[in-house]
Amino acid sequence: MKKLILSFLAIALVATQVWAQNGQANASAVIQVGSHDFAKVTQTNVNVAARFTLQLNKSLVFQAGVGNAAFVDQANLNVLSRLSLQANRSAIFQFGWNKAVVIQRNAAAALFNFQLNNSDIFQFGANFALVAQKNLNILSKAFQVNNSFILQIGANAAEVFQNNTSVLSLSGQLNNSKIIQVGANQALVAQKNTNIGGLAIQVNKSAIIQRGILNHATVLQSNTNIVGAAVQANASAIAQRGFANSAKVVQTNADILSAVHQLNLSAIAQKGALNHAAVVQTNASILSAATQINASAIAQRGLGNTALAVQTNASILSLAFQANALAIAQKGAFNHAAAIQTNKSVGGLAFQLNKAAIAQLGKANSAAVVQTNANILSAAAQANFAAIAQVGFGNHAAVVQTNIGIGALAAQANASATLQIGALNSAATVQTNVAVAAAAAQANKAATIQIGFKNFAKTVQTNADALSVSAQANLSLIEQIGAGNFALVTQTNIGALAIDAEANASAVFQKGFANKAIVTQTNFGNRIHASANASLVVQKDHANTAIVTQTNINAH
C-alpha cells in the first residue's frame, strides 16, 4: 500500500512538472455599438508534452456604426518542444461599414523557438482589411516575427500576407508591413520567408502610404534558402498622392545549397495623376557563394508618367559579385523611362555591375537603358554605366550596353552619358563587348550633348575578341548646338586568333544650323598586329557636311 501511494505521488509530480512549466493565456474584449455589427474571436493554445513554453493570445475589437464585421483567429501550436515563446496580438477599431479579418498562426515542434504575430487595424468609412500571418518551425531553432499595421480612411482595401517557414534549420526570419490609405486606395503586400535545412537571416519589409483616389500598390517579396547559409533581404517603400497612381514591386531572393548575401531595395514616390511604376528585382544563387544586390528608386511628379525597371542577378556554381542600381526621376507630363539590367555568372568567378540614372524634365520625354553582363565558365570583371538627362520637349534617348565573357578572362566595360536640352532631340548609343575563350581588355565610351532643336546623334561601338589576347577600345564624343544637326559614328574592333591592340577614337563638334557628320572606323585583326583610327570633325555655321571613313585590315 505504501509503495502504491509513493508511485501515485511520483506520477502526480511528473504531470505537475510537465504542465506547470507551460504558460498559456487567452484574452479578448469586444465592444460593439450600433447595428449589424459582427465580431468573432477565436484564440487557441496547444501544448503537448512540452516544457518551458509560453503561449499567449490577445484580441481587442471595437466597432461603432452600422454593418461592421471583424473576425480574429489566433492560434499557437507547440508539440514535443522546449523553450518556445509564441504570441499573437490583434487590435481592430472600426467606424462605419468596415470589414476586417486577421488570422495569425504559430507552429513549433521539437525546437527552440521564438515566434510572434502582431496586427493593428484602424478603419474609418467603408474599408476592407485582411491580414494573414503565419510562422512555421519544425525541428529547428528559429526567430520568426510578423508585424502588420493598417490605417484606412475612406473606401480603401488592404490585404497583407506574411509567411515564415523554417524546417531543420537555424533561422532568423522577419516580415514587416505598414499601410496607410486615405481616399479610395488599394494595397496588397505578400511577404514570404523560407528556410529548409539551412542557416539564414531573411527579412522582408514593406511600407505603403496612399492619398487620393484609385491608387494601386502591389508589393511581393520572397526569400528562399534551401540547405544553405544566406543573408537575404527585401525592402520596399511606396508613397502615392494624386489620382489613379499605380505601383508594383516584385523582389525575389533564391539560395540553394550555397552561402550568399542577396539584397533587393525599392522606393517609389508618385505625385500627380495616372502615374505608373513597376520594379522587378531578382537574385538567384545555386550551389555558389555570391553577393547579389539590386537597388531601385523611382520618383514621378506630373501627369501620365511611366517608369519600368527590371534588374536580375544570376549565379550558378560560381563565386560572383553582381549588382544592379537604378534611379529614375521624372517631372512634367507623358514621360517614359525603362531600364533593364542583367548580370549572369555560371560556373565562373565574376564581378558584374550595371548602373543607370535617368532624369527627365519637360513633356513627352522618353528614355530606355538596357545593360547586360554575361559570364559563363570564366573569370571576368564586367561593368555598364549609363546616365541620361533630358530637359525640354519630346526628347528621345536609348542606351544599349552589352558585355559577354564565355570561357575567358576578360575586363569589359561600357560607359555612356547623354544630355539633351531643347526640343525633339534624339540620341541612341549601342556599345558591345565580346570575349570568348580569351584574355581581353575591351572598353567602349560614348558621350552625347545636344542643345537646340531637332538634333540627332547615334553612336555604335563594337569590340569582338575570339580565342585571342587583345586590348580593344572605342571612344566617341558628339556635341551639337543649334538646330537640325545630325551625327552618326560607327566604330568596330574585331580580333580573332590574334594578339591585338586596337583603338578607334572620334570627336564631332557641330554648332550652327543643319550640320551633318558621318564617321565610320573599322579594325579587323587576325594574328598579331596593332591598328588605330582617329577622327575629329568640327563644324561651325550652317549646312555643313562631313563624311570620314577609316579602315584597317590585318591578316596573317
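As a reminder, the structure under discussion sits directly above these lines.
So, how was this worked out
- Residues numbered from 1 in each chain as written.
- Predicted model: local features only at pLDDT ≥ 70, side-chain atom pairs only at ≥ 80, totals over all residues.
- Heavy atoms only, no water.
- Helix = DSSP H or I, 4+ residues; strand = E, 2+ residues; numbered from the N terminus.
- Buried < 20%, exposed > 50% of the residue type's maximum accessible area, 1.4 Å probe, protein only.
- Contact = heavy atoms within 4.5 Å.
- Lys, Arg positive; Asp, Glu negative; His and termini not counted.
- Charge placed at Lys NZ, Arg CZ, Asp CG, Glu CD.
- Core = buried A, V, L, I, M, F, W, Y, C linked by side-chain atoms within 4.5 Å.
- Patch = residues over 30% accessible without salt bridge, like charges linked within 9 Å, V, L, I, M, F, W, Y side chains within 5 Å.
- Areas by Shrake-Rupley, 256 points an atom, 1.4 Å probe, with all protein chains shown as cover.
- Salt bridge = Lys/Arg side-chain N within 4 Å of Asp/Glu carboxyl O.
- Polar contact = N/O pair within 3.5 Å; in protein donor to acceptor, adjacent residues only side chain to side chain.
- Pairing = 2+ DSSP bridges.
- Phe/Tyr/Trp six-rings, centres within 6.5 Å; stacked < 30°, edge-to-face > 60°.

> Just checking my understanding: could you explain the overall build of the chain for this structure?
Per the secondary structure count, the chain includes one helix and 32 strands. Summarising its shape, the C-alpha atoms of the chain cover approximately 115 × 60 × 20 Å along the three principal directions. Taken across its 556 residues, the chain has 46% of its residues classed as buried. By sequence separation, contacts in the chain at least 24 residues apart represent 72% of the contacts at least 6 residues apart. Between the averaged position of the 30 positive side-chain charges in the chain and that of its 10 negative side-chain charges there is a distance of 12 Å.

> Would you mind showing me how to read the nonpolar core here?
Grouped together as the largest cluster of nonpolar side chains are 39 residues, with contacts concentrated most on Ile 121, Ile 150, Ile 179, Ile 208, Ile 238, Ile 268 and Val 369. Discounting residues that sit within four places of it in the chain, Ile 150 has contacts with Asp 120, Ile 121, Phe 122, Ala 129, Val 131, Ala 158, Val 160 and Ile 179. In this structure, Ile 478, Val 508, Ala 517 and Val 519 belong to the second largest nonpolar core, which totals nine residues.

> What am I meant to see in a nonpolar patch on the surface here?
Nonpolar side chains collect at one region of the surface, where Val 227, Ile 256, Leu 257, Ile 286, Leu 287, Ile 316, Leu 317, Val 346, Ile 376, Leu 377, Ile 406 and Val 436 lie side by side and expose about 920 Å² of accessible area between them. Position of Ile 286 among the secondary structure elements: in strand β16 (residues 276-286).

> I'm lost on the side chain of Asn 45 in this one. Help?
Along the chain, Asn 45 turns up in strand β2 (residues 38-48). A residue is classified by how much of its surface remains accessible, and Asn 45, at 16% relative accessible area, is buried. Reaching out from Asn 45, the side chain makes a polar contact with the backbone oxygen of Ala 25 at a distance of 3.2 Å. A polar atom in the side chain of Asn 45 sits 3.0 Å from the side chain of Asn 76. In contact with Asn 45, other than residues within four places in its own chain, are Gln 24, Ala 25, Asn 26, Gln 55, Leu 56, Asn 57 and Asn 76.

> Just to check I follow, could you spell out a positive patch on the surface for this structure?
A contiguous patch of positive charge on the surface is contributed by Arg 211, Arg 241, Lys 271, Arg 301 and Lys 331. Topologically, Arg 301 is positioned in strand β17 (residues 289-303).

> Help me understand unusual backbone geometry in this model?
Negative phi is the rule for most residues except glycine; trans is the rule for most peptide bonds. Of note, the phi angle at Phe 334 is positive, near 60°, even though the residue is not glycine. Within the element layout of this structure, Phe 334 appears in the loop between β19 (319-333) and β20 (336-346). Phe 334 gets classed as partly exposed once you look at its relative accessible area, which sits at 42%. We note that Ala 514 has phi near 55°; this positive angle belongs to a residue other than glycine. Secondary-structure assignment places Ala 514 in the loop between β30 (486-513) and β31 (516-542).

> How should the pattern of salt bridges be read in this particular structure?
Opposite charge on two side chains lets them pair, provided their charged atoms get close. Taken as a whole, this structure holds two salt bridges when the rule is applied. When the shortest N-O distance is used, the salt bridge between Arg 105 and Asp 73 registers 3.1 Å. Linking Arg 105 in strand β6 (residues 99-109) with Asp 73 in strand β4 (residues 69-79), this pair joins segments that are 32 residues apart in sequence. Exposure remark for Asp 73: the relative accessible area of 13% places this residue in the buried category. Of the charged contacts, one joins Asp 120 and Arg 89 as a salt bridge, the two residues approaching to 3.4 Å between their closest N and O atoms. With a gap of 31 residues between them, Asp 120 in strand β7 (residues 113-125) and Arg 89 in strand β5 (residues 82-96) connect regions that are remote in the sequence. Since its relative accessible area comes to 40%, Arg 89 is described here as partly exposed.

> Would you explain the pairing of β7 in this entry?
Remember that side chains alternate between the two faces of the sheet whenever the strand is regular. With 13 bridges joining them, β5 and β7 adopt parallel strand pairing. Bridge pairing in β7 places Leu 85 opposite Phe 114. The sheet contact formed by β7 and strand β9 (residues 141-154) spans 13 bridges and is parallel. Across the sheet, Ile 121 pairs through a bridge with Ile 150, a residue of β9.

> How do you make sense of the environment of Gln 431 when you look at a structure like this?
Take Gln 431: it is sitting in strand β26 (residues 426-436). Separated by 15 residues in the primary sequence, Gln 431 and Ser 416 have C-alpha atoms spaced 8.6 Å apart. Excluding residues that lie within four positions of it along the chain, Gln 431 makes contacts with Val 400, Gln 401, Thr 402, Asn 414, Ala 415, Ser 416, Asn 444, Lys 445, Ala 446 and Gln 461. There is a polar contact of 3.3 Å between the side chain of Gln 431 and the backbone oxygen of Ala 415.

> For this particular structure, what's the right way to read the environment of Phe 513?
Tracing the backbone shows Phe 513 in strand β30. The spacing of Phe 513 and Ala 109 is 404 residues in sequence and 79 Å in space, taken between C-alpha atoms. When sequence neighbours within four positions are dropped, the list of residues in contact with Phe 513 reads Ala 483, Asp 541, His 542 and Ala 543.

> How do you make sense of the packing of aromatic side chains when you look at a structure like this?
The geometry of an aromatic ring pair is captured by the separation of the ring centres together with the interplanar angle, meaning the angle of the planes. Under the defined criterion, the tally for this structure stands at seven aromatic pairs. Summarising the aromatic geometry, the rings of Phe 114 and Phe 143 are spaced 5.1 Å apart at their centres and angled 10° between planes, so their arrangement reads as stacked. Of this pair, Phe 114 sits in strand β7 while Phe 143 is found in strand β9, placing the two residues 29 residues apart along the sequence. Look at Phe 114 and you get partly exposed, because its relative accessible area is 25%. Between Phe 122 and Phe 149, the ring centres sit 5.7 Å apart and the planes meet at 65°, which makes this aromatic pair edge-to-face. Of this pair, Phe 122 sits in strand β7 while Phe 149 sits in strand β9, placing them 27 residues apart in sequence.

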